[in-house]
Amino acid sequence: MPTSARPALRCVLVTALLAAPSRGPQPLPGFSPKRAAAERQWETRLRAIPSPDSMRAYTRHLAARPHHLGSPYDKANAEWIRDRLASWGWDTSIEQFDVLFPTPKERVVELLAPTRFRARLEEPTVPGDPTSGQKSEQLPTYNAYSIDGDVTAPLVYVNYGIPSDYDRLERLGVSVKGAIVIARYGGSWRGIKPKVAAEHGAVGCLIYSDPRNDGYFMGDAFPGGPMRPRGGVQRGSVADMPLYSGDPLTPGVGATPDAKRLPLSEARTLTKIPVLPISYGDAEPLLAAIGGPLAPAEWRGALPLTYHVGPGPARVHLRVKSDWRVRPIYDVIARIAGAEAPDEWIVRGNHHDAWVNGAVDPISGQVALLEEARALGEMVRQGWRPRRTVIYAAWDGEEPGLLGSTEWVETHADELTRHAAVYLNTDESGRGFLQMNGSHSLEAFINGVARDVMDPETGFTVWRRAQLHQIATTSGAERREARDRQDLRINALGSGSDYTPFLQHLGIASLDLEFGGEGAGSGGVYHSIYDDPYWVDHFGDSSKVYGRALAQTVGTAVMRLASAEVLPFRFGGLADAISKYRTEVEQLLSARQDSARELNRELAESVFVAESDPRAPEAPPPAEPVPPFLNFAPLENGLDQLEASAQDYDSLLARLDSSQLAAPDSATRTAALAAVNARLMATERALTSDEGLPGRPWFRHQIYAPGFYTGYGVKTLPGIREAIEQRRWQEADEQVARMKDVLAAEAAAIDSAAAALGRLAQ
């Protein structure tokens, strides 16, 4: 909306506010009082249904055998989930897609010098753990979407293998050009490690789990404890998902039988060099053989050796060869049709595939989804009718690269853009504190849900327990905010689970929820054969009381979103979050400028000292260019617009809930509500751009994205932030201007929703 139109809109809003009678607090945002009372009764019934016993039974069935993409048990699980959902009254089907999924044919890692050693590349069976011995069905230890390769080269240790580690190696005078690098897991998503290694000229990459991160340094190793044993290996995809998620051969379109597929040589998300993961048992002889400079103190892990960076004398042979086959995946899709607004959809998902048995990742989240679905089916049998259509999905192929969710979203993109209001995601979940992540327009909503669900062990609500945890584990301004702010901040979403195509490709407001923070989580056995029912029974949420709490939390959120007369979006939290991100990028630029000036000062001092030293090099090192000034005024102006629009809308809705939402049903009122909700659904879309982010147009959201060099970790205001980080100053200027337009578009979308809400008040 142009700025000149804002005074007229303000008049409409003020008139509506003055006309609305004074009232007490609204029982539920977006509900009339009568419907709010009924909604709370239904929610109380729903939260009584999820059963820990049922979730334990589901876990034993779904995690009984390995069920990776393309395996017989993966398809069997999809059919079992479909049949359970159908038996609970859902309209259920399976959608099949055909995706590229390589599996290994040859894997070799050999130390050739100064001694000889051949890596085992296999996780050993653990006596007493019945599923760890299912060898014929287990995927070997490998990284999916590594290219084939056969290389022999010196070995260089690169710590976590992230860009700053290569900066440190350069200062040490160490190059990885022509070398094989060995990086430890952690510090970033695994796919970043071979990506950065290839950019620096490496010819191969090994990734190992250091016991300092998830092995005996952190606690007793499995089976005596929850942490990774000596032979444990983390499988995982190394596709370049910051470019796009989903099938590498069908970017932007669903992988249906008639889809046009890229040749394998043109798939941009495959690695440029061969990659394999190894255990710390296999890594120890390799690391012990490396000479060269001593590794910096913070690079040293917990293996009983002296960490050096190399290169030499260690020389390694790495061979990877895969079967590059297209294979079927099976998404289970279930629906309950909306009674009043069937063309508005609430979508809920969790994936069902795993790297091996996956009792934690993903079955701990999948069993909560199943209990929610059973509870909602029971509510329908008792007479509950959701206002909106509810869709539950059990995705396949998440582990290799969010394949099932992405292909479904790309196939149904037009429908979802028209109809999807909110997507709610879970993945693995454990014990402890509710972790709320997602679109900030849903921040107030999910805080409200959390205030209505009880923690199973403390007697507090899950909201209060999360608040107390934040107060106990933070300090300074962050602790004060946890004490005093009305709502707990929710975290922005990067990537790593199935919300990515919904939020960051199509601009559908999304939430990702889990419990965690107590115990080991699944870190010690993540993506290994030991993530199985035995591990859960001994070290996880064995009682499933937090699985029940997850089902209660997400089930309540789904029911509330599906039944609210006005979708419970609030925009104050969004404006507040973007203001925080604005401050961060300004401080990032300032810090880069200060760092360059300090480095140049040190260089100047060293040159002055060296002038009297005949041994000094003739040419001093070049000065560091100081980042230029960037004009953030357009961003600040756009934020001012957004803050004003957010305040207008939130204030108006707070005043209107009990007055106009309580009006008798009529065709006119139904049409007016539909208009408001359509405009609210468009608000998250307004935060996207058709051009996408620089160099990766699939990612359209301009507020949240996975980092190009973090993979899973979020970058907020990514166009601006990453341009500053990568010293692309013209691009940074362009992205500031674009962000001003995005924020103006979001303000206009909110104004449009407010105007429609104002008409409802007339």
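Residues numbered from 1 in each chain as written. Predicted model: local features only at pLDDT ≥ 70, side-chain atom pairs only at ≥ 80, totals over all residues. Heavy atoms only, no water.

A.B. asks: Hey, could you go over empty space enclosed by the protein for me, with residue numbers and the actual values?
C.D. replies: All chains considered together, the criterion is met by three cavities of 30 Å³ or more. Reported here for the largest cavity is a volume of approximately 40 Å³. What lines the largest cavity is simply Tyr145, Ala239, Met241, Tyr244, Gly246, Pro248, Thr269, Pro400, Gly401 and Leu403. Of the residues contributing to the lining of the largest cavity, the split by class is seven nonpolar, three polar and no charged. (1 Å grid on protein atoms, 1.4 Å probe; cavity = no way out; pocket = protein on both sides within 12 Å on 5 of 7 lines; lining within 4 Å. Points joined across faces, edges and corners; volume = space filled by probe spheres on them. Nonpolar A, V, L, I, M, F, W, Y, C, P; charged D, E, K, R; others polar.)

A.B. asks: Which residues make up the pairing of strand 12 (residues 341–351), and what values go with them?
C.D. replies: The two faces of the sheet receive side chains in turn, since in a regular strand these alternate between them. The element strand 12 is largely enclosed, with a buried count of nine among its 11 residues. In the sheet, strand 12 pairs with strand 13 (residues 388–395) via eight bridges, with the strands oriented parallel. When the bridges of strand 13 are listed, Ile346 appears paired with Val390. For the handedness criterion, the β-α-β arrangement of strand 12, helix 9 (residues 363–381) and strand 13 is classed as right-handed. Where strand 12 lies against strand 14 (residues 420–425), five bridges are found, and the strand directions are parallel. Paired with Gly349 across the two strands is Asn425, which belongs to strand 14. (Buried < 20%, exposed > 50% of the residue type's maximum accessible area, 1.4 Å probe, protein only. Helix = DSSP H or I, 4+ residues; strand = E, 2+ residues; numbered from the N terminus. Pairing = 2+ DSSP bridges. Right-handed = clockwise from strand over helix to strand, strands pointing away.)

A.B. asks: Give a detailed account of unusual backbone geometry, specifying residues and quantitative values.
C.D. replies: Residues apart from glycine generally show negative phi values, whereas peptide bonds are mostly found in trans. The omega torsion across Ala113 and Pro114 is 5°, close enough to zero to call that bond cis. By the secondary structure assignment, Pro114 is in the loop between strand 2 (103–113) and strand 3 (117–118). The peptide bond linking Phe222 to Pro223 adopts the cis configuration, its omega dihedral lying at 10°. Here Pro223 is to be found in the loop between helix 7 (211–214) and strand 8 (236–237). With phi around 75°, Tyr145 is a residue other than glycine that occupies positive phi space. Positionally, Tyr145 belongs in the loop between strand 4 (143–144) and strand 5 (149–157). For Tyr145, a relative accessible area of 1% gives the class buried. Here the phi dihedral of Asn159 falls at roughly 60°; this positive angle occurs in a residue that is not glycine. Tracing the sequence through the fold places Asn159 in the loop between strand 5 and helix 5 (163–171). Classification of Asn159 by relative accessible area gives buried; the value is 4%.

A.B. asks: An account of the pattern of salt bridges is needed here, citing residue identities and associated values.
C.D. replies: All told, the structure shown has 41 salt bridges when counted by the stated rule. Across the pair Arg348 and Glu372 runs a salt bridge, and its minimum N-O distance is 2.8 Å. Taken together, the positions of Arg348 in strand 12 and Glu372 in helix 9 put the pair 24 residues apart, joining distant regions of the chain. Its salt-bridge partner being Lys715, residue Glu725 comes within 2.8 Å of it at the nearest N-O pair. In this pair, Glu725 sits in helix 22 (residues 718–725) while Lys715 sits in strand 18 (residues 714–716), placing the two residues 10 residues apart along the sequence. It is possible to trace a salt-bridge network through shared partners that takes in Arg35, Glu340, Arg387, Glu565 and Arg669. (Salt bridge = Lys/Arg side-chain N within 4 Å of Asp/Glu carboxyl O.)

A.B. asks: Quick rundown of the sheet that holds strand 12? Include the residues and the values.
C.D. replies: Across the sheet, which stays open at both edges, the seven strands sit in the order 1-11-13-12-14-16-15 with mixed pairing between neighbours. The sheet is open, and its two edges are formed by strand 1 (91–100) and strand 15 (431–438), each paired on a single side. Looking at each pair of strands side by side, their axes are set apart by 20° on average, direction ignored. Two elements, strand 15 and strand 16 (residues 509–518), share eight bridges in a ladder whose sense is antiparallel. For Asn437, the partnering residue across the bridge sits in strand 16 and is Asp512. Contacts from helix 14 (residues 462–473) reach strand 15 and strand 16 within the one sheet, and its direction differs from that of strand 15 by about 90°. (Axes fitted to C-alpha atoms, helices over the stretch in contact; angles between N-to-C directions. Contact = heavy atoms within 4.5 Å.)

A.B. asks: So, the nonpolar core: which residues are in play, and what are the values?
C.D. replies: Residues Trp90, Val109, Ile182, Leu206, Tyr208, Leu287 and Tyr649 are the most contacted members of the largest nonpolar core, which totals 204 residues. For this core, the leading source of residues is helix 23 (residues 729–760), giving 11 residues. Sequence-distant contacts of Tyr649, that is, excluding residues within four places in its chain, are made with Val566, Phe569, Phe571, Leu680, Ile750, Ala753, Ala754 and Leu757. Of all hydrophobic cores here, the second largest spans six residues; its members include Leu693, Trp698, Phe699 and Ala705. (Core = buried A, V, L, I, M, F, W, Y, C linked by side-chain atoms within 4.5 Å.)

A.B. asks: Please set out helix 8 (residues 280–288) residue by residue, giving values where relevant.
C.D. replies: The element helix 8 is extensively covered by neighbouring structure, given that seven of its nine residues are classed as buried. The set of residues buried in helix 8 consists of Tyr280, Gly281, Asp282, Ala283, Glu284, Leu286 and Leu287.

A.B. asks: Describe the side chain of Ser510, naming the residues involved and giving the relevant values.
C.D. replies: Position of Ser510 among the secondary structure elements: in strand 16. There is a polar contact of 2.8 Å between the side chain of Ser510 and the backbone oxygen of Ile508. (Polar contact = N/O pair within 3.5 Å; in protein donor to acceptor, adjacent residues only side chain to side chain.)

A.B. asks: I'd like to hear about the packing of helix 2 (residues 33–48) against helix 18 (residues 545–563), residue by residue, with values.
C.D. replies: Running from amino to carboxyl end, helix 2 crosses helix 18 at an angle of 150°, the nearest separation of the two axes being 9 Å. As far as their axial angle goes, helix 18 and helix 2 are roughly antiparallel. As for how helix 2 packs across helix 18, the hand of that crossing is right-handed. Every residue of helix 18 that contacts helix 2 at Glu39, Arg40, Trp42, Glu43, Leu46, Arg47 and Ala48 is listed here: Arg548, Gln552, Gly555, Thr556, Met559, Arg560 and Ser563. Residues of the contact of helix 2 with helix 18, tallied by class, amount to four nonpolar, four polar and six charged. (Parallel < 35°, antiparallel > 145°, perpendicular 65-115°, else oblique. Left-handed = near helix turned anticlockwise from the far one by under 90°.)

A.B. asks: Just give me the short version of the packing of aromatic side chains, but keep the residues and values in it.
C.D. replies: Under the definition given, this model contains 22 aromatic pairs. Taking the centre distance of 6.1 Å and the plane angle of 85° together, the rings of Tyr157 and Trp299 count as edge-to-face. Taken together, the positions of Tyr157 in strand 5 and Trp299 in the loop between helix 8 and strand 10 (315–323) put the pair 142 residues apart, joining distant regions of the chain. Across this residue pair, the class does not change: Tyr157 and Trp299 are buried. Relative to Tyr712, the ring of Trp189 has its centre 5.5 Å away and its plane inclined at 25°; by these criteria the two rings are stacked. (Phe/Tyr/Trp six-rings, centres within 6.5 Å; stacked < 30°, edge-to-face > 60°.)

A.B. asks: Tell me what's going on with the side chain of Ser209, and back it up with residues and numbers.
C.D. replies: With respect to the helices and strands, the residue Ser209 is situated in the loop between strand 7 (204–208) and helix 7. By relative accessible area, which is 1% here, Ser209 ends up buried. Among residues more than four places away in sequence, those in contact with Ser209 are Tyr185, Asp214, Arg228, Gln234, Ile278 and Tyr280.

A.B. asks: Hey, could you go over the environment of Ser543 for me, with residue numbers and the actual values?
C.D. replies: Mapping Ser543 onto the fold places it in the loop between helix 17 (533–539) and helix 18. Each C-alpha atom, one on Ser543 and one on Asp640, is 49 Å from the other, the two residues being 97 residues apart in sequence. Each residue touching Ser543, except ones within four places of it in the same chain, is listed here: Pro52 and Arg56.

A.B. asks: Can you break down helix 21 (residues 667–685) residue by residue, with the values?
C.D. replies: With 19 residues, helix 21 extends 28 Å between its outermost C-alpha atoms, agreeing within 8% with the 27 Å of an ideal straight helix rising 1.5 Å per residue. Residues of helix 21 that are buried: Arg669, Ala672, Leu673, Val676, Asn677, Leu680, Met681, Thr683, Glu684 and Arg685. (Expected span 1.5 Å × (residues − 1).)

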